[in-house]
Amino acid sequence: MLDRDKVRLGIAPIAWTNDDLPELGAENTFEQCVSEMALAGFTGSEVGNKYPKDTTVLKKALDMRGVEICNAWFSCFFAIDKEEETIAEFIKHRDFLHEMGAKVIGCSEQSHSIQGLDKPIFDAKPVFTEQEWEKVATGMNKLAVLAAEKGMKVSLHHHMGTGVQTPAEVDKFMEMTNDDVYLLFDTGHMYFSEGSQEAVDTIIEKYADRIVHVHLKDVREDVLGKLKEEKWSFLEGVKAGVFTVPGDGAVKFDRTFEVLKDTNYEGWMVVEAEQDPAVANPFEYAKKARGFIREKTGL
């Protein structure tokens, strides 16, 4: 069983309103989203595009529901020589999250990313050159220093359609960056990338001491198979339901929970499973996820 004094549970708003596909959940309000998060038994949230930008307004709405902000997506563009712009935006993002009480900043290197493009997610995946890898590592090391100024930690979110997607790419990233650059471990994206439970288990075992944020996400094997066969884009896969909440797909979470327990993980586990809310009712699936986590971890 995981330590309830160290591990906290959150859920991402992307199940209610999708930032990459605004038409998914366009009818759902911020208030409905955070109210249903709380009703389902979660105390943490990441940040969606419908969330108030004013921290005073946002805090008031969340405090009423017993919910707090634990992280928010940040896009980096180091590989394509946008270090100065990335750092300037990162400082604003860091300060917003710090004011909201978050301790972790999840970053994705979006240079050459195809995750939002109409391109086959496997065939058109970007691959960084050695020079680009150096730029990414140098940039992330700088972000870690900036995060530490506020007592925060920066983490890399490995993601489909990006230059840090596969186990080998995660390995390279972790080897090239300093120890104060951490990993946002995403069960769904790792399974999606390799189509194997072994990939999920190997990455969490290898980098447990540098994982500071966890995304719990499951994958529907039948949809993943069709995506590969018909060469869909990432967003086509999302709309078709390639992702679901933990316990509802092919991913086995036993080893993930076991490693987190054995290494005394302290931080957030966040259900982040984007689906079409018109097909997969967000509140229903949030409750389903909460029940699965309670059964498996005692939290």
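Up top is the structure these notes are about.
The structure displayed is predicted, hence computed values, not measured ones. (Residues numbered from 1 in each chain as written. Predicted model: local features only at pLDDT ≥ 70, side-chain atom pairs only at ≥ 80, totals over all residues. Heavy atoms only, no water.)

### Quick word on the environment of Glu272
Among the structural elements, Glu272 can be located in the loop between strand 11 (267-271) and helix 11 (282-297). Taking the C-alpha atoms as reference, Glu272 lies 5.1 Å from Ala12; in sequence the two are 260 residues apart. Those residues in contact with Glu272 that sit more than four places away from it in its chain are Ala12, Ile14, His157, Asp186, His215, Leu216 and Lys217. At 2.7 Å, the side chain of Glu272 forms a polar contact with the side chain of Lys217. (Helix = DSSP H or I, 4+ residues; strand = E, 2+ residues; numbered from the N terminus. Contact = heavy atoms within 4.5 Å. Polar contact = N/O pair within 3.5 Å; in protein donor to acceptor, adjacent residues only side chain to side chain.)

### Some words on the pattern of salt bridges
As a working rule, side chains carrying opposite charge can pair if their charged atoms are close by. For the structure shown, the criterion picks out 18 salt bridges. Between Arg8 and Glu68 there is a salt bridge, with the nearest N and O atoms lying 2.7 Å from each other. In this pair, Arg8 is assigned in strand 1 (residues 7-11) and Glu68 in strand 3 (residues 68-69), connecting sequence segments 60 residues apart. The class for Arg8 is partly exposed, based on a relative accessible area of 33%. Between Glu274 and Lys217 there is a salt bridge whose closest N-O contact spans 3.5 Å. Linking Glu274 in the loop between strand 11 and helix 11 with Lys217 in the loop between strand 8 (211-216) and strand 9 (218-219), this pair joins segments that are 57 residues apart in sequence. Across this residue pair, the class does not change: Glu274 and Lys217 are buried. Each of Asp186, Lys217, Glu272 and Glu274 takes part in a single network of salt bridges with overlapping partners. (Salt bridge = Lys/Arg side-chain N within 4 Å of Asp/Glu carboxyl O. Buried < 20%, exposed > 50% of the residue type's maximum accessible area, 1.4 Å probe, protein only.)

### Considerations on the side chain of Arg210
Topologically, Arg210 is positioned in the loop between helix 7 (197-207) and strand 8. Asp179 provides the closest opposite charge to the buried, unpaired Arg210, separated from it by 4.1 Å. In terms of polar contacts, Arg210 uses its side chain to reach the side chain of Thr177, at 3.1 Å. Separated by 3.0 Å, the side chain of Arg210 and the backbone oxygen of Asn178 make a polar contact. With sequence-adjacent residues up to four places away left out, Arg210 is seen in contact with Met174, Thr177, Asn178, Asp179, Val181, Tyr182 and Leu183. (Lys, Arg positive; Asp, Glu negative; His and termini not counted.)

### Quick word on the pairing of strand 6 (residues 153-157)
The buried fraction of strand 6 amounts to four of the five residues, a majority that puts the element mostly inside the structure. The pairing of strand 5 (residues 104-109) with strand 6 spans four bridges and is classified as parallel. Within strand 6, the position partnered with Val104 by the bridge is Lys153. Pairing geometry for strand 6 and strand 7 (residues 181-186), over four bridges, is parallel. Among the inter-strand pairings, Leu156 is bridged to a residue of strand 7, identified as Leu183. Between the parallel elements strand 6 and strand 7, the chain passes through helix 5 (residues 167-176) in a crossover that is right-handed. (Pairing = 2+ DSSP bridges. Right-handed = clockwise from strand over helix to strand, strands pointing away.)

Nothing here speaks to function; it is all geometry.
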